[in-house]
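# Examining the three-dimensional arrangement
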Amino acid sequence: MRQINQVDLAPTVAKILGVKIPGMDGAPIEEVESWGCSKAIVLIVDSLGYDLYKFFQADLKNMASLASGGLLVRAKAAAIHTSPAIASILSGLLPEHHGIHNTEGAKASTLSSIPEIASFQGFKTAVIMEKGGAEVYEGLIDFVGKVSRDLDPREFDRETCRKSLEALAGRPELMISYFIGIDKAVHLGGGLEEMRSAAVCVDLCLGRIYAAAEVGTFFSVIGDHPVHAGSFKRQGGPCCVALVLGRK
Ligand SMILES: [Zn+2]
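The rules behind each value
- Here the residue numbering is sequential within each chain, running from 1 through the sequence in written order.
- pLDDT decides what is reported in this predicted model: residues at 70 or higher carry local features, side-chain atom pairs at 80 or more are listed and counted, and totals for whole chains, interfaces and linings draw on all residues regardless.
- Numbering of helices and strands starts at the N terminus; helices are DSSP runs of H or I of at least 4 residues and strands are runs of E of at least 2.
- Neighbour counting defines burial: a residue surrounded by 20 or more other C-beta atoms within 10 Å of its own C-beta is buried, one with 12 or fewer is exposed, and intermediate counts give partly exposed, using backbone-placed C-beta atoms.
- We call two residues in contact when their backbone-placed C-beta atoms lie within 7 Å.
- Being paired, for any two strands, means DSSP has found at least two bridges between them.
- What counts as an axis is a line fitted to C-alpha atoms, over the stretch in contact for a helix, and the angles between N-to-C directions run from 0 to 180 degrees.
- For classification purposes, angles smaller than 35 degrees are called roughly parallel, those larger than 145 roughly antiparallel, those between 65 and 115 roughly perpendicular, and all remaining angles oblique.
- For this classification, Asp, Glu, Lys and Arg are treated as charged, while Ala, Val, Leu, Ile, Met, Phe, Trp, Tyr, Cys and Pro are nonpolar and the rest, including Gly, are polar.
- It is the directions from the helix axis to the C-beta atoms whose arc is reported.

## Description of the overall build of the protein chain
A tally of helices and strands in the protein chain yields eleven helices and seven strands. If one aligns the C-alpha atoms of the protein chain with their principal axes, the spans along those axes are about 45 × 40 × 35 Å. Here the protein chain holds 248 residues, and the buried ones make up 54% of them. In the protein chain, once contacts between residues fewer than 6 apart in sequence are set aside, the share between residues at least 24 apart is 67%.

## So, the sheet that holds strand β4 (residues 143–147)
What the seven strands build is an open sheet, ordered β2-β7-β6-β1-β5-β3-β4; its pairing is mixed. Two strands in the sheet have a free side with no partner beyond their single neighbour: β2 (71–76) and β4. The mean angle between the axes of side-by-side strands here comes to 15 degrees, regardless of whether they run parallel or antiparallel. Across five bridges, strand β3 (residues 125–130) lies against β4 in parallel orientation. Within β4, the residue paired with Val127 across the bridge is Val144. In this fold helix α1 (residues 9–17) packs onto β1 (39–45), β5 (174–179) and β6 (217–223), with an angle of close to 160 degrees to the strand it touches most, β1.

## With respect to the packing of helix α3 (residues 61–68) against helix α11 (residues 192–212)
At a minimum axis separation of 7 Å, α3 and α11 run at an interaxial angle of 55 degrees. Taken together, α3 and α11 sit at an angle that is classed as oblique. Here Lys61, Asn62 and Met63 of α3 come into contact with α11, specifically with Asp203, Leu206, Gly207 and Tyr210. When its residues are assigned to classes, the contact of α3 with α11 shows three nonpolar, two polar and two charged.

## With respect to the environment of Lys233
On the secondary structure map, Lys233 appears in the loop between β6 and β7 (240–247). In the structure, Lys233 is positioned 68 residues away from Leu165 in sequence and 32 Å away in space, judged by C-alpha atoms. Beyond its immediate chain neighbours, meaning those up to four positions away, Lys233 contacts Val227 and His228.

## Section: the environment of Thr217
Mapped onto the secondary structure, Thr217 falls in strand β6. Thr217 sits 31 residues away from Lys248 along the chain, and the two C-alpha atoms are 5.3 Å apart. In this structure Thr217 touches Cys37, Lys39, Ala40, Ile41, Arg247 and Lys248, once residues within four positions along its chain are discounted.

## Section: α1
Of all nine residues in α1, seven are buried; the element is thus mostly enclosed. Along α1, the residues classified as buried are Leu9, Ala10, Thr12, Val13, Ala14, Ile16 and Leu17. Where the residues of α1 are buried, they touch β1, α4 (82–91), α7 (114–120), β5 and β6.

## Comments concerning α3
The periodicity of an α-helix, 3.6 residues per turn, causes residues three or four positions apart to be oriented the same way. Listing the buried residues of α3 in full gives Asn62, Met63, Leu66 and Ala67. Along the axis of α3, the buried positions cluster into a sector of 135 degrees, meaning they face one direction only. Those residues of α3 that are buried are in contact with β2, α11, β6 and β7.

As structure tokens, this is what we get:
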């Protein structure tokens with residue numbers, strides 16, 4: 001398998017759905033093309049670096065089960081911070097081409113990403129993320145789930161999960177959900193146990209979302225960047241995140 005980069009996920013999802021997006025830096029991941037999926041779910045997990053995933057793998061039963069029927073990929077991160085990395089995941093463009101380097105840049109940007117392009121091309125689309133990020137999609141897609149940043153890490157992720165299940169009831173063809181718990185736990189000074197507990201919480205959310213998804217759905221769980229502090233902090237490259245691919 002070739003070295004996969006975060007920017008390869010958007011073209012992969014676009015190909016599965018049949019959405020046309022010209023000019024992306026990434027290329028579709030060929031291995032998933034025979035899976036026969038027609039819908040897609042992308043779960044972005046803040047700070048799910050590859051090393052962190054491997055360390056907690058035994059506790060992350062739903063991710064492991066998804067990977068066992070699919071693929072676990074050590075994907076190269078396009079950026080080391082949240083806003084540019086998420087922009088790369090959703091646009092298929094490298095930071096030098098999408099030009100988003102921080103939260104303000106993300107809000108001001110006119111960049112079109114896969115949710116709005118898919119929606120414009122007639123695909124039913126849902127995005128669930130923190131309020132500021134979600135508001136960008138208001139009026140452009142079918143379901144916008146806004147989650148308050150003020151919630152504590154685990155409550156934030158549970159709320160993301162609740163809103164994702166609500167979105168799934170409307171049978172979207174594309175759903176993007178963003179989980180922040182691991183990153184928040186680390187930034188609040190948490191150690192291994194807090195990270196494990198946050199990762200397990202996300203894994204349980206994945207299990208509930210998987211159970212509610214329709215057969216023929218492509219699943220992807222992707223980290224935005226390796227963790228910023230603690231024992232899994234990367235000192236220099238390569239910066240790799242976990243990318244778990246599977247299907248229902
Ligand atoms: Zn992040």
